[in-house]
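# A look at the structure
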Amino acid sequence: MNKNFNTSLTQGERGEAKVEDFFAYLKSVGNIKDWSRTPHYLYEHLGIDAENDYVIWNSNRGTKGIEVKTLAGTRW
């Protein structure tokens, strides 16, 4: 388990960059309509202690919230 905040933050940022590349690919082939990064305060006004890192829009105008987690593992 990784308990070093700086290393964990770097891993998380790399993971989010990979996810953003994947969302861009999904948009380019028409699997999703669009995506956006969400601010972390998005649900505070609703009294909900939750967050999503991203929201994606699909072709039937529905949305999905996406939370990205990066697990420590072997180097590749």
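What counts and what doesn't
Residues numbered from 1 in each chain as written. Predicted model: local features only at pLDDT ≥ 70, side-chain atom pairs only at ≥ 80, totals over all residues. Heavy atoms only, no water. Helix = DSSP H or I, 4+ residues; strand = E, 2+ residues; numbered from the N terminus. Buried < 20%, exposed > 50% of the residue type's maximum accessible area, 1.4 Å probe, protein only. Contact = heavy atoms within 4.5 Å. Areas by Shrake-Rupley, 256 points an atom, 1.4 Å probe, with all protein chains shown as cover. Pairing = 2+ DSSP bridges. Axes fitted to C-alpha atoms, helices over the stretch in contact; angles between N-to-C directions. Core = buried A, V, L, I, M, F, W, Y, C linked by side-chain atoms within 4.5 Å.

### Observations regarding the overall build of the protein chain
Counting its secondary structure elements, the protein chain contains 1 helix and 3 strands. Sequence-ordered secondary structure for the protein chain, helices as α and strands as β, is α-β-β-β. Out of the 76 residues belonging to the protein chain, those deemed buried represent 17%. At a minimum sequence separation of 6, the contacts of the protein chain that also span at least 24 residues come to 28%. Accessible area of the protein chain: about 6,400 Å², with a carbon and sulfur share of 53%.

### Regarding the sheet that holds strand E3 (residues 63-66)
Two pairing modes exist for strands in a sheet, parallel and antiparallel, and in both the strands are linked by backbone hydrogen bonds. Within the open sheet, the 3 strands sit side by side as E1-E2-E3. Their pairing is antiparallel. Here the strands that pair on one side only, and so sit at the sheet edges, are strand E1 (34-37) and E3. Averaged over neighbouring strand pairs, the angle between their axes works out to 20° when direction is ignored. In this structure, E1 lies alongside strand E2 (residues 54-57), joined through 4 bridges in antiparallel fashion. When the sheet's bridge partners are listed, Asp34 is paired in E2 with Trp57.

### Considerations on the nonpolar core
Membership of the largest hydrophobic core is limited to 7 residues, which are Val19, Phe23, Leu26, Ile32, Tyr54, Ile56 and Val68. Contributing elements (two or more residues each) for this core: helix H1 (5-28) and E2. If one sorts the elements of this core by residue count, H1 sits on top with 3 residues. Residue contacts for Val19: discarding those within four places in its chain leaves Tyr54 and Val68.

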